[in-house]
Amino acid sequence: MTALNAITLEVLWTRLISIVDEAAAALVRTSFSTVVRESNDFACVLTDAEGRSLAQATDSIPSFIGTVPRTVTHFLKEYPAAALAPGDILITNDIWLGTGHLPDITVAKPIFHQGRLVGFAGSVAHSPDIGGRIRSPDSRDVFEEGLQIPVMKAVNAGTIDATLEKLLRKNVRVPDQVMGDLYAQFTALTLMEQRVMALLDGASLESLEPLATEIHARSETAMRAAIRAVPNGVYRQTAISDGLAEPIKLELTMTVTDDAIAIDYEGTAPQVMRAINVCMAYTIAYTAFGVKAVLAPDIPNNEGVLRPITITAPAGSIANSTPPAAGGARALIGHFFPMMVIQALAKALPDKVIATVGSPLWCVNLTGQRRDGSTFANMFFTNGGYGASAARDGAHVLSWPSNVSSTPVEMIEQLLPLKVHYRRFRVGTGGAGKHRGGNGQEILLESRAPGPVTVAFLAERTRDAAAPAGIAGGAAGAPGELIIGGRRVDPKTQHIVEPGGTVLVRTPAGGGYGPPSERDPALTAADRTEGYV
C-alpha cells in the first residue's frame, strides 16, 4: 500500500479503536479487583515505535492516556529496540516515570512485525494494593507508600520473572487480586499485539509509521485550528484547595499565540511532606485534557493533539514534584488543573465551558481483617455533582475529570465487611443559577468487621473557600463533608473505625451557571417533582 486516502484512513482508524476497545474489554473481564472491574480505573493505549500515542480505549482514564506514552519513552531509554524481543513485557510503577503514584502499574509490550519493532501495546491499571501504608494523603515520602518497581522486564521473551512475582506477593495485602489484575493487563497487551499484526498484514503495511504520521498530522492541524478560535492574550487563573493545615494556592498562566497555547504553573505552592504532590507527567496529562475538552472534544486523542500545547511547572512545586515526595493522593491537587484551564478559557469563551465540578474525585480506602482472619484491602470511588453550563443543568453524581465509576453498593457489601445504610443524592446542594449545578451524594457506611478497620480518604473541597464555584453569576455548589461516629474529621489523615462504627461521606456539588433569577420556573418545578431540590 503506497498511500492513505481518506476512506482507507477512516477504516484503519476504526480498526485501531476496535483493537484497544477489545483489549479493554478483555482486561475488565479477566481482572480480579473491583478497582478495574467495577470502577474502570485503567487504560489501554497503542503507541508507535517511538512511544508516541496513536489510539486508546474509549473508556480509558484521561490521565493515563497522557502518561502511558511518556512511560514508554522511559522504557525505551532503558531498553532500546535492540534490547527488546518478541514476548517481552516491560513494567514500572515509578512515580516520576509513570502516573504519579505507586498503585498505578504501567506495562508495555513491544510489537514486532517482520522482525522490526513497529509499536507498543501499553496499559495502566490501579492495583488494589501496593503495600506500605494504606493509600492516604498523610504519607510523608514515597518510601512510606509501598513497593517501588523500577523499569524492568516483567516478562522476558515470554517467560514471567518469577522473582518479581514473589516480591509482589510478599509485599501486598491481597496478592491474588494484585497478580490477577497484572495478568489481566498482560492478556490485554497480547491481544493488542495480535490484532495490530493482523491489521498490518491485512493492509499490506510494513509498520505503523505511515498510519501514525497521517493521524498525527491531521489531528495537529485540527487542534491548531481550534486554538485559533481563542483570542490571542494572557489568561490567568488561581485556585484554592483545602490543602493541609492551611489551604494551598495554585496559579496558572495561559498564553495564547495564534495556533499555540503555553501554560505555566509559576507561582504555585511548593511540594509538601504529604502525599498530595503531583508529578509533571500527571500535570501535563490533565492540563492538556482541560484544553482539549473545551476546544476540540471530538478530535482523536493522540500525539498530534498535544504538539501545539506547551505545559511547564517549576521543579519542586506541588505541580512538578521531585524525589522523594509522596504522591499517593496526587489527584487531590492534579484534578484542579483541568478546571483551572476551563476557568481561564471562560474569560474568552464563556459559552463553551462548565462551572466548577464537585471534584477532585472522592475515594474510600480501607483495610482490616475478616472473621476468618483473612486480610481485606479495597477502595471505591464516590463522585460529586457536575458543573452547569450555558446549555444545561449539571448532572448529579458524575465523575470528572477522571471517568471512573462509582462502585455498586452490592459489590461493596459482597466483598467487604460493610453495611451500606443508604446512598442518596444530597438534595438541593447543586449551585443555584440559570442552570443549576448537579447534586452531590451521601453514603452512610457501618463497619461489620470483627476488629478495627483502618480507613483513609481522598476528599477535597470540604472548606467553604474551596467550594465548587459557579460561573457567569451562578452560585457555588455545597462543599463536602466527612463524618465518622457523628463527628466531622480531617479527611487528610488515616482513621480507625471500630466494629459498629459509622462513616458518613458527603461529596461536593457542582456550581451553577448564570444568575438564579433567570432560571425557567418550569425547570425548578421539574426539580421539585424529581426530588432534586
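The preceding data block contains the structure.
Note that the structure is predicted; figures quoted are calculated from it, not measured.

Colleague: Any chance you could explain the pairing of strand S4 (residues 104-113) here in plain terms?
Modeller: On any regular strand, side chains alternate: one points to one face of the sheet, the next to the other face. Where burial is concerned, most of S4 is hidden: 10 out of the 10 residues are buried. Residue alternation in S4 divides its side chains into two sets, Asp104, Thr106, Ala108, Pro110 and Phe112 and Ile105, Val107, Lys109, Ile111 and His113, and both sets are buried. In this structure, strand S3 (residues 89-92) lies alongside S4, joined through three bridges in antiparallel fashion. Paired with leucine 90 across the strands is alanine 108, a residue of S4.

Colleague: Help me understand the packing of helix H4 (residues 162-171) against helix H5 (residues 175-202), please; the structure alone is not making it clear to me.
Modeller: Axis angle and axis distance: for two packed helices, these are the angle between their axes and the distance between the axes, and together they describe the pair. Their axes nearest at 8 Å, the elements H4 and H5 cross at an angle of 140°. With respect to H5, the element H4 is oriented oblique. Helix-helix and strand crossings are classified by hand; for H4 and H5 the assignment is right-handed. In this structure, H4 contributes Glu165, Leu168 and Arg169 to the contact, and H5 contributes Pro175, Asp176, Met179, Leu182 and Tyr183.

Colleague: Can you help me understand helix H12 (residues 521-530) in this one?
Modeller: For an α-helix, 3.6 residues make a turn, and residues three or four places apart therefore share a direction. Two to three positions downstream of the cap, the backbone nitrogen of alanine 522 sits 2.9 Å from a side-chain oxygen, assigning the N-cap of H12 to aspartate 520. At the C-terminal side of H12, glycine 531 shows a positive phi close to 80°.

Colleague: Would you mind going over the pattern of salt bridges with me for this structure?
Modeller: Two side chains of opposite charge can pair, provided their charged atoms sit close to one another. All chains considered together, the criterion is met by 28 salt bridges. Here glutamate 209 ties to arginine 116 by a salt bridge, and the two come within 3.4 Å at their closest N and O atoms. Placement of the pair is glutamate 209 in helix H6 (residues 209-227) and arginine 116 in strand S5 (residues 116-126), with a sequence separation of 93 residues.

Colleague: What should I look at first to understand the packing of helix H3 (residues 62-78) against helix H7 (residues 280-295) in this one?
Modeller: Where H3 meets H7, the closest approach of the two axes is 8 Å, and the angle between their N-to-C directions is 130°. Between H3 and H7, the interaxial angle falls into the category oblique. In this structure, H3 meets H7 at a crossing whose hand is right-handed. In contact with Pro62, Ser63, Gly66, Thr67 and Arg70 of H3, H7 contributes Ala281, Tyr282, Ile284, Ala285, Tyr286 and Phe289. Its residues assigned to classes, the contact of H3 with H7 shows seven nonpolar, three polar and one charged.

Cut-off values and rules
- Residues numbered from 1 in each chain as written.
- Predicted model: local features only at pLDDT ≥ 70, side-chain atom pairs only at ≥ 80, totals over all residues.
- Heavy atoms only, no water.
- Buried < 20%, exposed > 50% of the residue type's maximum accessible area, 1.4 Å probe, protein only.
- Helix = DSSP H or I, 4+ residues; strand = E, 2+ residues; numbered from the N terminus.
- Pairing = 2+ DSSP bridges.
- Axes fitted to C-alpha atoms, helices over the stretch in contact; angles between N-to-C directions.
- Parallel < 35°, antiparallel > 145°, perpendicular 65-115°, else oblique.
- Left-handed = near helix turned anticlockwise from the far one by under 90°.
- Contact = heavy atoms within 4.5 Å.
- Polar contact = N/O pair within 3.5 Å; in protein donor to acceptor, adjacent residues only side chain to side chain.
- Salt bridge = Lys/Arg side-chain N within 4 Å of Asp/Glu carboxyl O.
- Nonpolar A, V, L, I, M, F, W, Y, C, P; charged D, E, K, R; others polar.

In short, shape yes, function no, at least from these values alone.
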